[in-house]
Amino acid sequence: MKTTCIIIEDEPLAQERTKNYVQKIPALELLHTFDNAIEAITFLKTNAVDLIFLDIQMDELSGIQLLESVEIHSEVIITTAFSEYALKGYELKITDYLLKPFTFDRFLKAVDKALSNRTKKEPVPEKNFIFVKTEYRLEKILLNEILYIEGMRDYRRIHTPQKRIMTLQTFGEFEQILPPELICRVHKSFMVAIAKIDSIERDRIKIGEALIPISDSYRSVFFERIGHR
């Protein structure tokens, strides 16, 4: 997905140069150019933008005033001929500060920094499945389909509403790859999906027709996971 951007620059030649630089970078998508900050603010109120190229010295409203008056969630790269605003810009948490006339190489470094910042901010999608070794294949199992896992001598049996999967993978291996807030060890021979529990009575968990024991070794951790200490 491309990084969307706008240019706020009141000097026609400077605006055109920045626009040409943007068009050389495939990762960027230019949404709009503005020659004043007021029109840009109106646009930002209704449009999400990933990156802003912002001049400082503009009529009516300066770039600094824009940053001080509007809550900006975008990465911001200042483009200006005036170095004295650099400290103020960084106080306002800008991404980079480009002094005119800047080269394309310097422009590219600023963009790379902005792209890197965006990558760090993006949430890592949670994996909702695992692959389990069974016979001669790896079988994909959705986490929300697991009811419980049962130990049977050298094997573990994964119970789902549709099927049962036998595997030689150990409980220790499952504890490494399964999110503990979803699937919890309750006995040396059992792990259960917390969301699939129908009821708990004394030392037994009921999931469907299955009754699963809770051992002393895992009792305190299990009840803490479900919010009952």
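Details of the structure are given in the entry above.
Please read all numbers here as calculations on a predicted model, not as lab measurements.

Definitions and cut-offs
- Residues numbered from 1 in each chain as written.
- Predicted model: local features only at pLDDT ≥ 70, side-chain atom pairs only at ≥ 80, totals over all residues.
- Heavy atoms only, no water.
- Helix = DSSP H or I, 4+ residues; strand = E, 2+ residues; numbered from the N terminus.
- Contact = heavy atoms within 4.5 Å.
- Core = buried A, V, L, I, M, F, W, Y, C linked by side-chain atoms within 4.5 Å.
- Buried < 20%, exposed > 50% of the residue type's maximum accessible area, 1.4 Å probe, protein only.

Peer 1: Can you tell me about the environment of Phe129, naming the residues and giving the values?
Peer 2: With respect to the element layout, Phe129 can be found in strand E6 (residues 129–134). In the structure, Phe129 is positioned 48 residues away from Ile177 in sequence and 9.8 Å away in space, judged by C-alpha atoms. Non-local contacts of Phe129, meaning those with residues more than four positions away in its chain, are made with Lys140, Ile141, Leu142 and Leu143.

Peer 1: Break down the nonpolar core for me, with residues and values.
Peer 2: One finds Ile6, Ile8, Ile52, Leu54 and Ile78 to be the most contacted residues of the largest nonpolar core, which totals 22 residues. Among the secondary structure elements, those contributing two or more residues to this core are strand E1 (3–8), helix H2 (37–46), strand E3 (51–54), helix H3 (63–69) and strand E4 (75–80). For this core, the leading source of residues is H2, giving 5 residues. Sequence-distant contacts of Ile78, that is, excluding residues within four places in its chain, are made with Leu54, Ile56, Leu67, Ile94, Asp96, Tyr97 and Leu98.

Peer 1: Could you give an account of unusual backbone geometry, naming the residues involved and the relevant values?
Peer 2: With omega at -5 degrees, the peptide bond leading from Lys100 into Pro101 counts as cis. Mapping Pro101 onto the fold places it in the loop between strand E5 (96–99) and helix H5 (104–121). The phi angle at Glu135 is positive, at roughly 55 degrees, despite the residue not being glycine. By the secondary structure assignment, Glu135 is in the loop between E6 and strand E7 (137–142). With relative accessibility at 69%, the residue Glu135 sits in the exposed group. Backbone geometry places Arg202, a non-glycine residue, at a positive phi of 55 degrees. Topologically, Arg202 is positioned in the loop between strand E13 (199–201) and strand E14 (204–207).

Read these as spatial facts, not as claims about activity.
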